[in-house]
Amino acid sequence: MSSGTRIQRALEPCFQRLDESLVRLELRRYRRAMLGVKLPGIYGAGIFVVAWILGPFLLGVLGSVGGGALTLSTEGSWQGLLIAASGALAAVAAYLRSQLLWTQQQRSHGLESWLLSRQSPAQVLWATVAMPTLWGLLLVALPVGVAVFTGVLWQQATLGLLPALLLVAGCSFFGAAVGALYFFIQLKLTPNSLQGAILLVVLGCFLGTWLWIESRENGWQRSWAEHPARLGRAAAVLAPTTHLYSACSPSWWDQTLRPSLHKRASAIPAALGSFVLTCLAGLGAMTVALKSYLRYIDDPSRLDSGRRPRAVESVGQEFYWQGFRNPIWTRDVRTRLRHKETADIIGFTAITVAAGGFIPLVLTVKDLGDPLATASAARDVFFWLTMTLVGLATLLGPGLTSESIAQDREQGALELLIASPLHPKELLLGKWLGAMSILLLLISPSLPLFGLCYVFHGADSTQVLSVYLLVVGTLGVAAAIGLTQSAINSSPGMAKFHAYGVTAGFVAVPGGPFWAAAAFAAPSADLRNSLMSGAAASVIIGVIFLGVLILFWGNAVEELEYLEH
């Protein structure tokens, strides 16, 4: 008897729990995808990018939350980053495949055929979770294999590889189960009481972990400023990605999270415990999904009542993006992405961000052999990148929105929008969200540059996070100012003039975004501390301009309501 036959007979009891036709169909699809190489290659490359470029920054935030710095020179750190990224993206792949599988069956009337052929609900559900779980594991097999091979070859993280591999499988299973559950939630087949119970369980686990950490660290007797860090540690303890990394790098766990839990809470048992909890959470999601599926079987008309009305699709449009719930948001994103001006803006932004990052680097390239000089150059790059992004937010925010409504008014499209069932507030919100979607796309190329600044000790995680929050906030305020001025002023030229004037006053005033950017990113620690002393002024400026923005928003809504009548 061949080894393949023995394995098949050993796994036969497991396959009896699955729907055979669905399993065979999915296996054919997976075989074609894997032989095509393109999708697994792209997904594997993405995992390497996330692990070794974005991973150090993201885990640095977690390190500062845990009270210890991330050191990538510790044993198993690189394997831990790769396996943690693999676990997270395996869950994402399984979730998307599970949801797509159910959606395809709904569109092709496969649910009705399962009902007519009296397919076992439990077998169907197990198959629609097991196969996406396998799909997630297949997509991350290459990076996981690299992590295991290098760990064994370098004799690093060997003890933690087995629980880490189990946890990767648990993450994929959890993602597939949640994908099936979310399909039924979308169609309103899951009772609200069960959804509330799920939220209560999640919230209870988080609060219980947080209170335990508070009691261990005597948090109620210490400064209230330390509570957010303990909340972060509670979230880190519950996240499977934390245990994936710590299983390969136990010294990081001992330094950051173990003191907050218990002296006996070592990394490998914690990873095994996370695996058990992840599997239990996946089984819980499957149980709720099965109850929802049984509700559909008992009364198939529930699916029609829960299904949203869809536009008739022509052949070839099955994968066409249907848009956001707010149609104005969808319209603005599609229109702007197709416009030639957007391509010019993207090119200008990319060149500006590259210049802001690489010019200081080129000026100091001769000193990059010295680690201290490299860190100094990284601090300069971080400062100029920050100031460049704030400047771009000042220029692009009002420019992208100040003509939005004014152009619709000139072209005669505003009357059609006003006549639609949308409230003026929804119209303004949709246009603001559309502009913010494009603006966030424009600044996204700066993220790898900030990651390099972090890796070369040019900035810590708190500085990078603060700068991004500041840039996004500045973009949001500038875009809102431009949009409201476009609604208030009938002329596009006057709308742009007022938008840039108000935005310039907001960003340039002492205590404004430029001031705050220098306080976060200045290369000199003394200068940062000096500017931080004016934090109260920044708060006052923020409150004043928030009131001004609320006044502008109210006037814009009133102007559109007046046009409606």
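Residues numbered from 1 in each chain as written. Predicted model: local features only at pLDDT ≥ 70, side-chain atom pairs only at ≥ 80, totals over all residues. Heavy atoms only, no water.

Trainee: Help me out: how do you make sense of the packing of helix H16 (residues 327–338) against helix H21 (residues 424–443) in this one?
Mentor: To describe two helices that pack against each other, one gives the angle between their axes and the distance between the axes. Viewed as axis vectors pointing N to C, H16 and H21 meet at an angle of 40 degrees, and their least axial separation amounts to 7 Å. Between H16 and H21, the angle falls in the class oblique. The interaxial crossing formed by H16 with H21 has right-handed handedness. Here Ile328, Trp329, Arg331, Asp332, Val333, Arg336 and Leu337 of H16 lie close against H21, whose contacting residues are Leu427, Gly430, Lys431, Leu433, Gly434, Ala435, Ser437, Ile438 and Leu441. (Axes fitted to C-alpha atoms, helices over the stretch in contact; angles between N-to-C directions. Helix = DSSP H or I, 4+ residues; strand = E, 2+ residues; numbered from the N terminus. Parallel < 35°, antiparallel > 145°, perpendicular 65-115°, else oblique. Left-handed = near helix turned anticlockwise from the far one by under 90°. Contact = heavy atoms within 4.5 Å.)

Trainee: Would you mind going over a nonpolar patch on the surface with me for this structure?
Mentor: Taken together, Trp126, Val276, Leu277, Leu280 and Leu283 make up a surface patch of nonpolar side chains, about 450 Å² in accessible area. Considering every element that reaches the nonpolar patch, the biggest residue donor is helix H14 (residues 267–298), with 4 residues. Tracing the chain through its elements places Leu280 in helix H14. A relative accessible area of 51% places Leu280 in the exposed class. (Patch = residues over 30% accessible without salt bridge, like charges linked within 9 Å, V, L, I, M, F, W, Y side chains within 5 Å. Areas by Shrake-Rupley, 256 points an atom, 1.4 Å probe, with all protein chains shown as cover. Salt bridge = Lys/Arg side-chain N within 4 Å of Asp/Glu carboxyl O. Buried < 20%, exposed > 50% of the residue type's maximum accessible area, 1.4 Å probe, protein only.)

Trainee: What is the right way to read the state of the cysteines from this model?
Mentor: By definition, a disulfide links two cysteine residues through a covalent bond between their sulfur atoms. Per the counting criterion, the structure on display carries 0 disulfides. Here Cys279 is not cross-linked by a disulfide; its sulfur's nearest cysteine counterpart is in Cys171, at 9.0 Å. Judged by relative accessible area, Cys279 falls into the buried class, the value being 19%. (Disulfide = S-S within 2.5 Å.)

Trainee: Honestly, the nonpolar core in this entry has me stumped. Any pointers?
Mentor: Nonpolar side chains in soluble globular proteins tend to be buried together. Ranked by size, the top nonpolar core spans 66 residues in total, and within it Ile83, Trp102 and Leu244 carry the most contacts. In terms of residue count, the dominant contributor to this core is helix H8 (residues 158–186) (12 residues). Among residues more than four places away in sequence, those in contact with Ile83 are Ala147, Leu161, Ala164, Val168, Leu244 and Cys248. Counting residues in hydrophobic clusters, the runner-up holds 33 residues, among them Phe383, Leu439, Ala459 and Val471. (Core = buried A, V, L, I, M, F, W, Y, C linked by side-chain atoms within 4.5 Å.)

Trainee: Where do I start with the environment of Leu475 in this structure?
Mentor: Mapped onto the secondary structure, Leu475 falls in helix H23 (residues 461–488). Sequence-distant contacts of Leu475, defined by excluding residues within four places in its chain, comprise Ala393, Met436, Leu439, Leu440 and Ile443.

Trainee: Teacher, can you tell me more about the confidence of the model for the chain here?
Mentor: Detailed reading of the predicted coordinates is not advisable wherever pLDDT falls low. Of the residues in the chain, 82% reach a pLDDT of 70 or more, and the chain-wide mean stands at 77. Predicted confidence for residues 61–71 stays below pLDDT 50, and this span has 25 contacts to residues more than four positions away or in other chains. Across residues 306–319 the pLDDT falls below 50, and counting only partners more than four positions away or on other chains, this stretch makes 11 contacts in the model. (pLDDT = per-residue confidence, 0-100.)

Trainee: Could you clarify how one ought to interpret the layout of surface pockets in this entry?
Mentor: Over the atoms rolls a probe the size of a water molecule, and in doing so it shows where empty space is left. Each pocket or cavity is described by its volume, and for the second largest pocket that value is around 890 Å³. Lining the second largest pocket are 31 residues, and of these Phe174, Val202, Cys205, Leu277 and Ala281 sit closest to its centre. If you list the elements that add at least two residues to the lining of the second largest pocket, you get helix H4 (77–107), H8, helix H9 (192–216), helix H10 (227–238), helix H11 (240–248) and H14. Per-element accounting of the lining of the second largest pocket gives the leading share, 10 residues, to H14. Taken together, the residues that form the lining of the second largest pocket break down as 24 nonpolar, 7 polar and no charged. (1 Å grid on protein atoms, 1.4 Å probe; cavity = no way out; pocket = protein on both sides within 12 Å on 5 of 7 lines; lining within 4 Å. Points joined across faces, edges and corners; volume = space filled by probe spheres on them. Nonpolar A, V, L, I, M, F, W, Y, C, P; charged D, E, K, R; others polar.)

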